[in-house]
Amino acid sequence: MMSDSERQIVCTNCAALNRLPPDRDALAARCGKCRTPLFSGQPADVDSRMFARQIGRNSIPVLVDVWAPWCGPCRMMAPEFARAARSLEPSMRLVKLNSESEQATAASLGIRGIPTLLLFHHGHELARQAGAMDAAAIAAWARSQLRN
């Protein structure tokens, strides 16, 4: 049984579920299965299977950047999203979902324009925001949605 303060973190490398005690430094934690650091300060590229696992099993919020390689604003926002990851981890997981290679997932999410940020917690979408933003705006927006 997981305690209220213990966190469940899904490894972005192997998808293993890791229990992280509250007194453990999350930034130093490694996956119990593949030994990859649980947080790298960089958003992880995910496919539809990893996306579902990340939003469904993490006990921390998951911020998703839905993008495509041909999208100019998406390419401009990519380094900003990476900078936001460095300030939001480990209290939040940041992932990137390529809407071109994962068209069915993007369609099921109702994505109409990119880039689009989606914030999930406990498997439910809390908020979404379309359009490119800088790192400070991404972090401020994500934190403000969790306070609502």
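No experiment lies behind these values; they were computed from the predicted model shown.

### Thoughts on the overall build of the protein chain
Okay, so step 1: For the protein chain, the helix and strand inventory stands at four helices and seven strands.
Okay, so step 2: Reading the protein chain from its N end, one meets helices and strands in the order β-β-β-α-β-α-β-α-β-β-α.
Okay, so step 3: Relative to a compact globule of 148 residues, whose C-alpha radius of gyration would be 15 Å, the protein chain shows 15 Å and is just as compact.
Okay, so step 4: Expressed as lengths along the three principal axes of its C-alpha atoms, the size of the protein chain is roughly 40 × 30 × 25 Å.
Okay, so step 5: Taken across its 148 residues, the protein chain has 48% of its residues classed as buried.
Okay, so step 6: By element, 51% of the accessible surface of the protein chain is carried by carbon and sulfur atoms, the whole surface being about 7400 Å².

### Observations regarding the pairing of strand β7 (residues 124-130)
Okay, so step 1: Two strands pair when backbone bridges link them, and strand β6 (residues 116-121) and β7 are joined in this way by six bridges, in the antiparallel orientation. Along β7, the bridge assignment pairs Leu117 with Gln129.

### Description of the nonpolar core
Okay, so step 1: With 17 residues, the main nonpolar core has Leu63, Leu88, Met92, Leu94, Leu117, Ile138 and Trp141 as its most contacted residues.
Okay, so step 2: The set of elements that each furnish at least two residues to this core consists of α2 (72-88), β6 and α4 (135-147).
Okay, so step 3: In this view, Leu94 contacts Pro43, Ala44, Leu63, Phe81, Ala84, Ala85 and Leu88; residues no more than four positions away in its chain are not counted.
Okay, so step 4: Core analysis: the next-biggest nonpolar cluster, separate from the first, contains 16 residues, Phe51, Ile55, Leu97 and Phe120 among them.

### Some points on α2
Okay, so step 1: For α2, spanning 17 residues, the distance from its first C-alpha to its last is 24 Å, which sits close to the expected 24 Å at 1.5 Å a residue.
Okay, so step 2: Considering bend angle alone, the principal kink of α2 is centred on Ala78 and spans about 35°; proline Pro79 follows within four residues of it.
Okay, so step 3: On the buried face of α2, the contacting elements are β4 (62-67), β5 (93-98), β6 and α4.

### Details of the sheet that holds β5
Strand pairing in a sheet is mediated by backbone hydrogen bonds. Such pairs are either parallel or antiparallel.
Okay, so step 1: Pairing is mixed across the open sheet formed by five strands, whose spatial order is β3-β5-β4-β6-β7. Since the sheet does not close on itself, it has two edges, and those belong to β3 (44-46) and β7, each with one partner. On average, adjacent strands in this sheet sit at an angle of 30° to one another, irrespective of strand direction.
Okay, so step 2: Across three bridges, β3 lies against β5 in parallel orientation. Within β5, the position partnered with Val46 by the bridge is Leu97.
Okay, so step 3: Across the sheet, α2 is in contact with β4, β5 and β6; its angle to β5 comes to roughly 160°.

### Observations concerning the environment of Leu38
Okay, so step 1: Among the structural elements, Leu38 can be located in the loop between β2 (17-20) and β3.
Okay, so step 2: Taking the C-alpha atoms as reference points, Leu38 and Ala28, separated by 10 residues in sequence, lie 7.9 Å from one another.
Okay, so step 3: With sequence-adjacent residues up to four places away left out, Leu38 is seen in contact with Ile9, Cys11, Asn18, Ala29, Arg30, Cys31 and Arg93.

### Concerning unusual backbone geometry
Okay, so step 1: In this structure, the amide linkage connecting Glu89 to the following residue, Pro90, adopts the cis form with an omega of 5°.
Okay, so step 2: Here Ile114 and Pro115 are connected by a cis peptide whose omega angle stands at 0°.
Okay, so step 3: Here Pro115 shows up in the loop between α3 (103-108) and β6.
Okay, so step 4: Even without glycine at this site, His122 takes up a positive phi of about 55°.
Okay, so step 5: The topology assignment puts His122 in the loop between β6 and β7.
Okay, so step 6: With a relative accessible area of 52%, His122 lands in the exposed category.

Rules of the game
Residues numbered from 1 in each chain as written. Predicted model: local features only at pLDDT ≥ 70, side-chain atom pairs only at ≥ 80, totals over all residues. Heavy atoms only, no water. Helix = DSSP H or I, 4+ residues; strand = E, 2+ residues; numbered from the N terminus. Rg over C-alpha atoms; globule rule 2.2 N^0.38 Å. Buried < 20%, exposed > 50% of the residue type's maximum accessible area, 1.4 Å probe, protein only. Areas by Shrake-Rupley, 256 points an atom, 1.4 Å probe, with all protein chains shown as cover. Pairing = 2+ DSSP bridges. Core = buried A, V, L, I, M, F, W, Y, C linked by side-chain atoms within 4.5 Å. Contact = heavy atoms within 4.5 Å. Expected span 1.5 Å × (residues − 1). Bend = angle between axes of the 7 residues up to and from the residue. Axes fitted to C-alpha atoms, helices over the stretch in contact; angles between N-to-C directions.

Geometry only, nothing functional implied.
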